[in-house]
Amino acid sequence: MGRGPGAERQGPGLPRDARSRARRGGGRRADRLHRHGPAGRRRRARLAPGRLRRYRADRQSRPRAPAGGRRAGLRHGAGAGGRDLLCARPARPAAAGGHEPAGPGRRARDRGRFRGQRRAPLRPRRAGRGRGRAGDRQCAPFGDRASPAASSPAIGGPVTWKNQQLPGDHAPVKSGGIGVLVVNLGTPDAPDTASVRRYLAEFLSDPRVVELPRLLWQPILRGAILTTRPKESAHAYRQVWTEDGSPLAAITREQAQGLQQRLGDRVQVRWAMRYGRPAIGDELAALMDAGCERILLAPLYPQYSAATTATVVDKAADKLRTMRWQPSLRTLPPYHDDPHYIDALARDLGAQLDALDFVPEVLLLSFHGMPERTLRLGDPYHCHCRKTARLVGEALGRADLRIETTFQSRFGRAKWLEPATDAVLEEEARRGTRRLAVAAPGFSADCLETLEELAIRGREQFLEAGGERFAALACLNARERGMAMLEAIVRRELAGWI
Ligand SMILES: C=CC1=C(C)c2cc3[nH]c(cc4nc(cc5[nH]c(cc1n2)c(C)c5CCC(=O)O)C(CCC(=O)O)=C4C)c(C)c3C=C
Ligand SMILES: [Fe+2]
């Protein structure tokens, strides 16, 4: 965030020659060169059999990496500024496929999907659960009392449910429901120092967020950080707080309500925050109390990171650990390159750019930063951000608009992903860019980081360094394009359940 202790600004922006390389397409090359074979293997493991076949078919044409490729080139790829970055995943030659395959084949496929060539519809799963619970003979889980969704499940049709026929003396059981839990990062309850301290203490104590040994980190957190930062952050929160509370919470709630409307009664949608309230555990329990036996956990992070998506799953697992009778859980996969997401972003940003009363020379796509070390440790976050940026740039298709990818919200003394948004804003203005727009495609909802850091401080930084026109574009939030995208990706992950 560039506030508080240890949050001093990163070094200078891009060297002149690196910048011109980036303008000529070096940035695009950078994300193509980060390829992740093992990520694909993990994804395969999560796929249902029908999907697995399609996934394989989708990738069959790609040659395998040469055997020596795994260790061959840990150092590969130039960042947006032409800087070399380390990627812990195996480097592969450009033609060898992998996480983000190079070459016209894949790009054509990405484009093709935009034209409506989505994957083939999912093969429906077997009807019913196959066995009852709490004693089949007594509880007759597939009894004949029709529930709203019990539209005579044909073999091979989607899973549908009928209410249980329970013996007269059986305790009431709510069952057969399907839940979606929409999750975002978290936010304080109020924009005052005490509330922000509570929130930051929980957030920054998560070992997924600050990956330092507890014995080393806790004294620093409890000492230097929690004594100074909450006051400064509370001041920042006050500048963006709304009548409905924190923008992040208000928008996440709106997204959950919008999703509920779109999905209808068959699914119950609730929302939670990873840190603060409503808590993930409480909301999972509420869904189960309402009879949801199948729950889709939907962290609204398009780009996967251990500090965001994984910690949501951890927190849900903490709750499940306390349950005797657990629900079945699915997790919304990262959607950084999903055509629905890219298309929604490109259309939305395009419309916002067209509505400006000036024509920007540069569009910064600013993503939340992460310590650079996480890239070397194998976190795909950086690659996901770069790929999103490339695809959005291609889908926007504006030849006169130079697009730069940057990383914001640096925290602490460690080296973070570069180039840093604040440094690039100043650098651009100093080098003569007069009109600039910034968007934050990694944030599904506007929040402190977009409304204060970009729209308020970013503007000041750019204008003070000589820029003339500045616009901070809105996130997708709960507007039509964003909601249609969310509905599409959530429905896909609910396949077989509804
Ligand atoms: C080590 C510190 C941090 C890491 C790592 C980090 C990763 C990360 N964060 C988001 C999304 C958001 N972060 C937000 C606020 C925020 N982030 C940090 C620190 C780290 N984030 C702090 C200390 C704060 C609080 C504000 C402040 O004091 O500066 C928010 C906004 C929350 C809100 O209430 O509006 C979001 C959203 C991502 C996506 C991410 C890793 C990819
Ligand atoms: Fe953050």
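Numbering of residues begins from 1 in every chain and follows the order in which that chain's sequence is written. Chain letters start at A and ligand numbers start at 1, both assigned in the order the entries are written. Reporting in this predicted model follows two pLDDT cut-offs: at least 70 for local features of residues, and 80 or more for side-chain atom pairs to be given and counted; totals over whole chains, interfaces and linings ignore these cut-offs and use all residues. The side-chain figures draw on all heavy atoms in the structure; neither hydrogens nor water molecules are used.

As a reminder, the rule being used: UniProt positions are given in the numbering used here, feature names are shortened, and annotations may be inferred rather than shown by experiment.
Per an unreviewed UniProt entry, the protein goes by Ferrochelatase and derives from Pelagerythrobacter marinus. The annotation that UniProt attaches to the protein under Subcellular location (unreviewed entry) is "Cytoplasm". Taken verbatim from the UniProt record of the protein, the Pathway (unreviewed entry) comment is "Porphyrin-containing compound metabolism; protoheme biosynthesis; protoheme from protoporphyrin-IX: step 1/1."

### As for the nonpolar core
The following threshold applies: To form a nonpolar core, buried Ala, Val, Leu, Ile, Met, Phe, Trp, Tyr and Cys residues must be joined to one another through side-chain atoms within 4.5 Å. Note on exposure labels: buried denotes an accessible area under 20% of the residue type's maximum, exposed denotes more than 50%, and partly exposed covers the range between, all computed with a 1.4 Å probe on protein chains only. Each helix corresponds to a stretch of at least 4 residues labelled H or I by DSSP, and each strand to a stretch of at least 2 residues labelled E; elements are numbered beginning at the N terminus. Contacts were defined at the residue level, with two residues in contact if any of their heavy atoms lie within 4.5 Å.
Judged by nonpolar contacts, the single largest core of 103 residues is most densely connected at Val 180, Leu 204, Leu 259, Leu 363 and Leu 494. Looking at which element gives the most residues to this core, the answer is helix H8 (residues 214-240), with eight residues. The residues touching Val 180, leaving out its near neighbours within four places in the chain, are Leu 259, Leu 263, Val 267, Gln 268, Val 269, Arg 270, Leu 287, Leu 296, Ala 298, Val 490 and Leu 494.

### Concerning the environment of Met 370
Assignment of secondary structure puts Met 370 in the loop between strand E7 (362-368) and helix H13 (372-376). Residue Met 370 is classed as buried on the basis of its relative accessible area of 10%. Note: C-alpha distance between Met 370 and His 384 (14 residues apart in sequence) is 13 Å. Other than its neighbours up to four places away in sequence, Met 370 contacts Ser 305, Ala 307, Asp 379, Tyr 381, Trp 416 and Leu 417.

### As for the domain arrangement of the protein
The cut-off we apply is this: For the domains described, the bounds stem from an automatic or database domain assignment. Two parts placed together each lose some accessible area under a 1.4 Å probe, and the buried area is that loss summed for both.
What the domain assignment reports for the protein is domain 1 (179-331) and domain 2 (339-481). Computed from C-alpha coordinates alone, the two centres of domain 1 and domain 2 are separated by 24 Å. Every contact between the two is made by 23 residues of domain 1 and, on the other side, 26 residues of domain 2. Across the interface of domain 1 and domain 2, roughly 2000 Å² is buried in total on both sides, 64% from carbon and sulfur atoms. If you sort the residues of domain 1 by the area they bury against domain 2, Glu 211, Gln 303 and Tyr 304 come out on top, with a joint share of 27%.

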